[in-house]
Amino acid sequence: MNPSRKIIVCLCILKITTTAAFAQNPQTVISNGMLKARIYLPDAENGYYRATRFDWSGLNAEIVYGAHSYTGQWFEKYDPFLHDAVMGPVEAFSPIGFEDAAANGHFTTIGVGILEKPDSASYSPYRYYKIINPGKWKTEIKNSGVSFSQEIREKDYSYQYEKTETLLEGKPVMLLIHTLKNTGTREMETMVYDHNFFMIDSTVTSPAFEIIFTFPLKEKKEGSGLRDLAGILDNRIIIHRQFLKGEQVYTVLEGFDGQMKDYDIRIENQKTGAAIHITADRPLSKLVFWACATVVCPEPYIQLKLKPGETATWKISYEFYECRKTP
């Protein structure tokens, strides 16, 4: 075999191997003719994401509207057990029962399952915790939507969690519909937030981006802050300069008054014209902004408190649109 044919064969083998590995992760594609999303599905054995920080359901590997892409692999290293190996608008629930659990005891994270508390250290979302019980997951797929359900049966904190991702007919809108029922014997209290890992048109974070709210923003000094990379201008976060590899900002934002109308956020890429409008039917309980060179992430939180037998519902809407381009 001549050298050129050897190269071709090697490349073919590599492509087949890569494709086979990719196909091992359960996934589906949904579309309404205007909007398309590729979604990884929960799976304790072969799921793309099997870490313990984020809800396993609704991991959007791709969202495409027109000529624009909105998500993608923003991180360099991939490992299914890496805490942030996720893409798109993914959600995370704060742990339940962690403080009460002794070392080697158990606690609960909705959308993940029953986890082991290995020692007396404080909870860290960046740490992997052994999964004792991932619960019973079911998935129902339709052309323009996918529904997930997870059931956990445990002595104290049992629940039924349902999440449906639907692309609305005739509209460039993705709707996330949630239902959480406390089927256990103890009250459940948690905060859920959407990290919104938006990687818009694979554009480096730069002054082309604006993150727009409906109220004047105030920065609460926490974490690294906006530094010299970004700033606040009334109701907007503006980017001062292009982020370099490894640079990031993190801050808590204030100014909202606890009403549903404040859960209203726009992310605009004024270089490519791609934009997103995010709203929900619950008030904000906390608001964070995080960004690195590859993604911009407004992170809105919702507070949930359920007595045994109670059910909570909430909806988050993502409208994809074209914004005005600037030179």
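Up top is the structure.
Everything numeric here is computed off the predicted structure, so don't read it as measured data.

Caption draft 1: Geometry of the environment of Asn 182. Its place among the elements puts Asn 182 in strand β12 (residues 173-182). Judged by relative accessible area, Asn 182 falls into the buried class, the value being 0%. Other than its neighbours up to four places away in sequence, Asn 182 contacts Ser 158, Glu 187, Met 188, Leu 306, Lys 307, Pro 308, Gly 309 and Glu 310. Here the side chain of Asn 182 touches Leu 306 through a polar contact of 3.0 Å, landing on its backbone oxygen.

Caption draft 2: Local environment of the pairing of strand β19 (residues 264-269). Taken across its 6 residues, β19 has 5 buried, putting it largely inside the fold. Following β19, the chain reverses through 4 residues before pairing antiparallel with strand β20 (residues 274-280); Gly 273 in that reversal takes a positive phi of roughly 90°.

Caption draft 3: Examining the sheet that holds strand β4 (residues 68-69) more closely. Ordered in space as β1-β2-β3-β4, the 4 strands form an open sheet in which the pairing is antiparallel. Across the chains shown, the open sheet's two edge strands, defined by having one partner strand only, are β1 (27-31) and β4. The pairing of strand β3 (residues 59-65) with β4 spans 2 bridges and is classified as antiparallel. Bridged to Tyr 65 within β4 is His 68.

Caption draft 4: Up close: the packing of aromatic side chains. By the definition in use, this model includes 22 aromatic pairs. The ring of Phe 98 has Lys 117 lying over it, and the distance from NZ or CZ to the ring centre is 4.5 Å. Above the plane of the ring of Tyr 301 lies Lys 286, whose end atom (NZ or CZ) is 5.1 Å from the centre.

Caption draft 5: Structural context of the pattern of salt bridges. Scanning the model with the defined rule gives 12 salt bridges in all. Between Glu 91 and Lys 163 there is a salt bridge, with the nearest N and O atoms lying 2.6 Å from each other. In this pair, Glu 91 is assigned in strand β5 (residues 91-93) and Lys 163 in strand β11 (residues 159-167), connecting sequence segments 72 residues apart. Using a relative accessible area of 1% as the deciding quantity, one classes Glu 91 as buried. Accessibility expressed as a relative area gives 1% for Lys 163, which makes it buried. Note that Asp 257 and Lys 261 form a salt bridge whose closest N and O atoms lie 3.5 Å from each other. Owing to a relative accessible area of 49%, Lys 261 belongs among the partly exposed residues under this scheme. Each of the salt bridges in this network shares a partner with another, and the network as a whole consists of Asp 55, Glu 91 and Lys 163.

Caption draft 6: Region of interest: the state of the cysteines. Within this structure, the stated rule accounts for 0 disulfides. Counting only cysteine sulfurs, Cys 297 is the nearest neighbor of Cys 292, a cysteine outside any disulfide, at a range of 6.7 Å. Overall, Cys 292 belongs to the buried group, its relative accessible area being 10%. For Cys 297, a relative accessible area of 0% puts it in the buried group.

Caption draft 7: Examining the nonpolar core more closely. Counting residues in each nonpolar core, the largest one holds 92 residues, and the members touching the most others are Trp 314 and Phe 320. Setting aside anything within four residues of it in sequence, one finds Phe 320 in contact with Leu 35, Ile 63, Tyr 65, Tyr 70, Pro 172, Met 174, Phe 198, Ala 275 and Ile 276.

Caption draft 8: Quick peek at the layout of surface pockets. In this structure, the largest pocket occupies an estimated 730 Å³ of space. Lining the largest pocket are 29 residues; nearest its centre among them are Arg 53, His 83, Tyr 126, His 195 and Trp 290. Of all the secondary structure elements, the ones that give two or more residues to the lining of the largest pocket are β5, β13 (188-194), β18 (248-254), β21 (286-292) and β22 (296-306). A total of 3 residues in the lining of the largest pocket trace back to one element, the largest contributor, which is β21. Of the residues contributing to the lining of the largest pocket, the split by class is 16 nonpolar, 6 polar and 7 charged.

What counts as what
- As a convention, each chain's residues are numbered from 1 in the sequence order in which they are written.
- Reporting of local features is limited, given that this is a predicted model, to residues whose pLDDT is at least 70; pairs of side-chain atoms are given and counted only at 80 or more, and all residues count toward the totals for whole chains, interfaces and linings.
- Each side-chain value is derived from all of the structure's non-hydrogen atoms; neither hydrogens nor water enter the calculation.
- Each helix is a run of DSSP H or I of at least 4 residues and each strand a run of E of at least 2, with the numbering of both proceeding from the N terminus.
- Any residue under 20% of the maximum accessible area for its type is buried, any over 50% is exposed, and the rest in between are partly exposed; the area is computed with a 1.4 Å probe on protein chains only.
- Contacts are assigned to residue pairs that have any heavy atoms within 4.5 Å of one another.
- In protein, a polar contact requires one atom able to donate a hydrogen and another able to accept it; more generally it is a pair of N or O atoms within 3.5 Å, and residues adjacent in sequence count only if both atoms are side-chain atoms.
- Here a strand pair is declared whenever DSSP counts at least two bridges between the two strands.
- Only Phe, Tyr and Trp rings take part, Trp by its six-membered ring, and two of them pair if their centres are within 6.5 Å. Stacked means planes under 30 degrees apart, edge-to-face means over 60, and tilted covers everything else.
- Should the NZ of a Lys or the CZ of an Arg lie within 6 Å of a ring centre and within 35 degrees of the ring normal, that charge is described as sitting over the ring.
- When a carboxyl oxygen of Asp or Glu lies within 4 Å of a side-chain nitrogen of Lys or Arg, that pair is called a salt bridge.
- Here, two cysteine sulfur atoms that lie within 2.5 Å of each other are counted as a disulfide.
- Working definition of a nonpolar core: buried Ala, Val, Leu, Ile, Met, Phe, Trp, Tyr and Cys residues. They are joined through side-chain atoms within 4.5 Å.
- Both cavities and pockets are sets of points on a 1 Å grid over the protein atoms alone; in a cavity a 1.4 Å probe fits but cannot get out, in a pocket the set is open with protein on both sides within 12 Å along at least five of seven lines, and lining residues sit with an atom within 4 Å of a point.
- Grid points are joined across faces, edges and corners, and a volume is the space filled by probe spheres set on the points.
- For this scheme, ten residues count as nonpolar: Ala, Val, Leu, Ile, Met, Phe, Trp, Tyr, Cys and Pro. Four count as charged, namely Asp, Glu, Lys and Arg, and the remainder, Gly too, count as polar.

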